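# Inside the fold
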Amino acid sequence: MSDEEIQVEGEELPHLLLVDDDATFTRVMARAMARRGFRVSTAGSAEEGLALAQQDVPDYAALDLKMDGDSGLVLLPKLLELDPEMRVVILTGYSSIATAVEAIKRGACNYLCKPADADDVLAALLSEHADLDSLVPENPMSVDRLQWEHIQRVLTEHEGNISATARALGMHRRTLQRKLQKRPVRR
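Please read these numbers as outputs of a predicted model, since none were measured by experiment. (Residues numbered from 1 in each chain as written. Predicted model: local features only at pLDDT ≥ 70, side-chain atom pairs only at ≥ 80, totals over all residues. Heavy atoms only, no water.)

## A closer look at the UniProt feature "modified residue: 4-aspartylphosphate" (unreviewed entry) in the protein
UniProt's feature table lists "modified residue: 4-aspartylphosphate" (unreviewed entry) at Asp-64, given in the numbering used throughout. Relative to the helices and strands, Asp-64 is located in strand S5 (residues 60-64). On the basis of relative accessible area, Asp-64 is assigned to the buried category, the value being 4%. With residues up to four places along the chain from it excluded, the contact list for Asp-64 reads Val-19, Asp-20, Asp-21, Ser-71, Gly-72, Leu-91, Thr-92 and Lys-114. (UniProt positions renumbered as here; feature names shortened; annotations may be inferred. Helix = DSSP H or I, 4+ residues; strand = E, 2+ residues; numbered from the N terminus. Buried < 20%, exposed > 50% of the residue type's maximum accessible area, 1.4 Å probe, protein only. Contact = heavy atoms within 4.5 Å.)

## Section: the packing of aromatic side chains
In total, this model carries one aromatic pair according to the counting rule given. With centroids separated by 5.4 Å and ring planes inclined at 85°, the aromatic side chains of Phe-38 and Tyr-60 adopt a geometry described as edge-to-face. Taken together, the residues Phe-38 in the loop between helix H1 (23-35) and strand S4 (39-43) and Tyr-60 in strand S5 connect sequence positions 22 residues apart. We classify Phe-38 as buried; its relative accessible area is 5%. Judged by relative accessible area, which is 17%, Tyr-60 ranks as buried. (Phe/Tyr/Trp six-rings, centres within 6.5 Å; stacked < 30°, edge-to-face > 60°.)

## Observations regarding H1
Because the α-helix completes a turn every 3.6 residues, residues three or four places apart line up on one side. Look at H1: 18 Å from first C-alpha to last across 13 residues, which is about the 18 Å you get at 1.5 Å a residue. The set of residues buried in H1 consists of Phe-25, Thr-26, Met-29, Ala-30, Ala-32 and Met-33. Residues of H1 that are buried make contact with strand S3 (15-19), S4, strand S6 (87-92) and helix H5 (118-126). Capping the start of H1 is the job of one residue whose side-chain oxygen sits 3.2 Å from the backbone nitrogen of Thr-24: Asp-22. Positive backbone phi, at 100°, marks Gly-37, one or two positions downstream of H1. (Expected span 1.5 Å × (residues − 1). Polar contact = N/O pair within 3.5 Å; in protein donor to acceptor, adjacent residues only side chain to side chain.)

## A look at a positive patch on the surface
Taken together, the side chains of Arg-173, Arg-174, Arg-178 and Lys-182 define a basic patch exposed on the protein surface. Mapped onto the secondary structure, Lys-182 falls in the segment after helix H8 (173-181). Residue classification places Lys-182 among the exposed positions, given a relative accessible area of 56%. (Patch = residues over 30% accessible without salt bridge, like charges linked within 9 Å, V, L, I, M, F, W, Y side chains within 5 Å. Areas by Shrake-Rupley, 256 points an atom, 1.4 Å probe, with all protein chains shown as cover. Salt bridge = Lys/Arg side-chain N within 4 Å of Asp/Glu carboxyl O. Lys, Arg positive; Asp, Glu negative; His and termini not counted. Charge placed at Lys NZ, Arg CZ, Asp CG, Glu CD.)

## Describing the pairing of S5
Of all five residues in S5, five are buried, a share of seventy percent or more. Here S5 shows no split at all, with Tyr-60, Ala-62 and Asp-64 on one side and Ala-61 and Leu-63 on the other all buried. Looking at chain direction, S3 and S5 are connected through four bridges and run parallel. Looking across to S5, one finds that Leu-17 is bridged to Ala-61. (Pairing = 2+ DSSP bridges.)

## A closer look at the environment of Asp-20
Take Asp-20: it is sitting in the loop between S3 and H1. Take Asp-20: its relative accessible area is 4%, and that puts it in the buried class. Each C-alpha atom, one on Asp-20 and one on Leu-91, is 8.7 Å from the other, the two residues being 71 residues apart in sequence. Residue contacts for Asp-20: discarding those within four places in its chain leaves Phe-25, Thr-26, Ala-43, Gly-44, Asp-64, Met-67 and Lys-114.

Structure representation (structure tokens):
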């Protein structure tokens, strides 16, 4: 959608690809990152993001984890095929340890929970190593949170397949779908 070419002293600005199905978040983040010295391209889906990246390979990417169609975790390795040195951050409103670990395994340089501002995204993109320890809570989790984390881990193991996950958890598929529609329990 937005792809402004800005030149500073004859050098091209670093290119950031933002892929998120929340148009308002994407618009605000794109403006904020442009003010921080990036040339920003935006996409509302993984498919659109991949097409943009194939036309103009970005240096950096910030991907939403859950979108209609393919998720950020599916798009991540496809972007890294275009440029293995690309720095990619996964953003999510549904954070879990399982998805954080999976994102890092697939090549993300960091993983951020929404709401995240432009400074958080910039710090995550530029940091040397993801701090997975910061995702592990200091206080013990509630039983509801543990259940949610377990469901997310099993769902990740079954590559998002609801039916296979329900079978593995020994629950009815509709029950699992209801649980997945709820926001995660805080702690």
